[in-house]
Amino acid sequence: MSVHVDAAGNIRGCYPATRPGMPRLFIGSHLDTVPRAGAFDGVLGVVLAVALVKCLSERRFKFQIEVVGFSEEEGVRFGVPFIGSRALAGTVDDELLNSCDGDGVRVRDAIRAFGLDPSRIGDARVDDDAIGYLEFHIEQGPVLESLDLPLGVVQAIAGQSRIDVVFEGKANHAGTTPMNLRRDALAGAAEWICRVEREAQNTRGLVATVGRLDVQPGAGNVIAGHALASLDVRHADDAIRKQAAASFLAGANEIATRRGLSVSWESRLDQASVAMDASLVESLGQSVQHSGYPVHQMVSGAGHDAMIMAGRMPAAMLFLRSPGGVSHHPDETVRPEDVAAALVAGKEFLEKLEESALS
């Protein structure tokens with residue numbers, strides 16, 4: 001492959017077609033991960049893409065193959081995810097480039113310090129004639145393992161709502177304030193957290209998480225006067241997700257009123273669900289089946305570069321089983337036989353694209 005690094009720091013290798021000027025199939029994933037993570041999230045998809053090209057033994061297709069290792073997907077440093085894939089999609093703007101890390105360093109400054117030119121970000125944008133995008137990725141969950149399946153074909157990436165919910169009460173002495181005269185913000189938040197869990201369990205496909213609490217004043221002998229709770233709601237159907245989020249917030253209001261508290265909330269993210277391309281999903285499923293493996297279609301609860309690329313071209317994802325359902329953790333791993341299965345299915349997928357290019 002001919003290889004270069006674009007202005008967003010993405011590593012891109014192009015494998016030529018049978019003749020010049022043919023459209024491209026992009027295959028990739030991200031190179032970064034989160035602190036104290038494992039070795040496979042993102043990087044596995046990049047290595048698989050390179051291995052897939054190597055397995056071709058210099059055979060050419062009627063389309064080019066471009067392997068992409070995205071420089072940034074997790075949003076850890078700057079709080080803004082998908083910088084690498086947004087560059088290819090052409091959606092990097094000044095607001096993103098001016099986002100700062102904890103030390104006040106802007107994205108554009110970090111790019112420049114790396115030896116690249118942020119003013120050339122636009123050059124990373126892909127052409128309009130792209131065939132599509134394929135991403136291999138570990139599932140990061142327990143579903144495939146529970147079904148004893150090596151691979152899963154992603155139908156859609158779930159939409160996300162992220163909301164900060166704040167309960168305000170009255171801080172007071174823990175020993176001298178009778179139970180019936182308390183306005184305990186933490187107790188209200190605790191009741192609400194249990195309510196969120198209970199309601200989410202009654203809606204198929206819905207996941208809801210309160211993963212963070214900020215309690216003030218935070219002393220063991222003081223009734224909490226302030227409790228901020230994060231809310232993360234996900235579902236493949238945006239209408240169901242939004243209805244659930246509204247129900248959770250109504251529940252927070254009911255609990256606060258009954259307990260003599262006040263409650264407020266602020267939306268942090270409203271990310272629509274993203275469907276994978278129906279034609280590519282079908283071809284990928286057929287490729288898995290023709291490779292001798294059962295086909296299981298599923299929804300991704302996590303965000304991926306594929307959701308960004310889907311705004312620019314047809315996109316598809318193939319999940320590999322995550323042993324123990326573990327990800328974003330040092331114990332994250334993958335089975336070699338599942339990697340082999342993904343390579344076989346990937347080669348079959350390329351064959352199907354070649355057939356459609358000939359028709």
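Shown above is the structure to which this text applies.
Below, the structure is looked at part by part. Residue numbers restart at each chain and count upward from 1, following the sequence in its written direction. In keeping with the model being predicted, local features are shown solely for residues with a pLDDT of at least 70 and side-chain atom pairs are shown and tallied solely at 80 or more, while totals for entire chains, interfaces and linings include all residues. Here the side-chain values reflect all heavy atoms present in the structure, with hydrogen atoms and water set aside.

Considering the packing of aromatic side chains
Stated formally: For Phe, Tyr and Trp, rings pair up if their centres lie within 6.5 Å, where Trp contributes its six-membered ring, and each pair is then called stacked (planes under 30 degrees apart), edge-to-face (over 60) or tilted (otherwise). Each helix is a run of DSSP H or I of at least 4 residues and each strand a run of E of at least 2, with the numbering of both proceeding from the N terminus. Partly exposed residues are those whose accessible area sits between 20% and 50% of the maximum for their type, while under 20% is buried and over 50% is exposed, using a 1.4 Å probe and protein chains only. For a ring to carry a charge above it, either NZ of a lysine or CZ of an arginine must fall within 6 Å of the ring centroid while also lying within 35 degrees of the normal to the ring plane.
One pass over the structure, following the stated rule, counts three aromatic pairs. Geometrically, the ring pair formed by Phe167 and Trp192 is tilted, given 5.9 Å between the ring centres and 55° between the ring planes. Taken together, the residues span a long stretch of sequence, with Phe167 in strand 7 (residues 159-168) and Trp192 in helix 6 (residues 185-201) at a distance of 25 residues. A residue is classified by how much of its surface remains accessible, and Phe167, at 0% relative accessible area, is buried. A residue is classified by how much of its surface remains accessible, and Trp192, at 0% relative accessible area, is buried. A cation over a ring is seen here: Arg60 above Tyr15, with NZ or CZ 4.5 Å from the ring centre.

Quick word on the layout of surface pockets
Going by this rule: The distinction between a cavity and a pocket rests on a 1 Å grid over the protein atoms alone: a 1.4 Å probe fits inside a cavity but cannot get out, while a pocket stays open yet meets protein on both sides within 12 Å along at least five of seven lines, and a residue with an atom within 4 Å of a point counts as lining. Grid points are joined across faces, edges and corners, and a volume is the space filled by probe spheres set on the points. Here the nonpolar group is Ala, Val, Leu, Ile, Met, Phe, Trp, Tyr, Cys and Pro; Asp, Glu, Lys and Arg are the charged ones; every other residue, Gly included, is treated as polar.
Space inside the largest pocket adds up to approximately 1,500 Å³. Sorting the residues of the lining of the largest pocket by element identifies strand 7, strand 9 (207-209), strand 12 (226-235), strand 13 (262-271) and strand 15 (297-300) as the ones contributing at least two each. When residues in the lining of the largest pocket are grouped by element, the largest group, five residues, is from strand 12. Broken down by class, the residue content of the lining of the largest pocket amounts to 18 nonpolar, 20 polar and 11 charged. Here the second largest pocket is characterised by a volume of approximately 340 Å³. Residues that form the lining of the second largest pocket fall into these classes: nine nonpolar, four polar and four charged.

In short, shape yes, function no, at least from these values alone.
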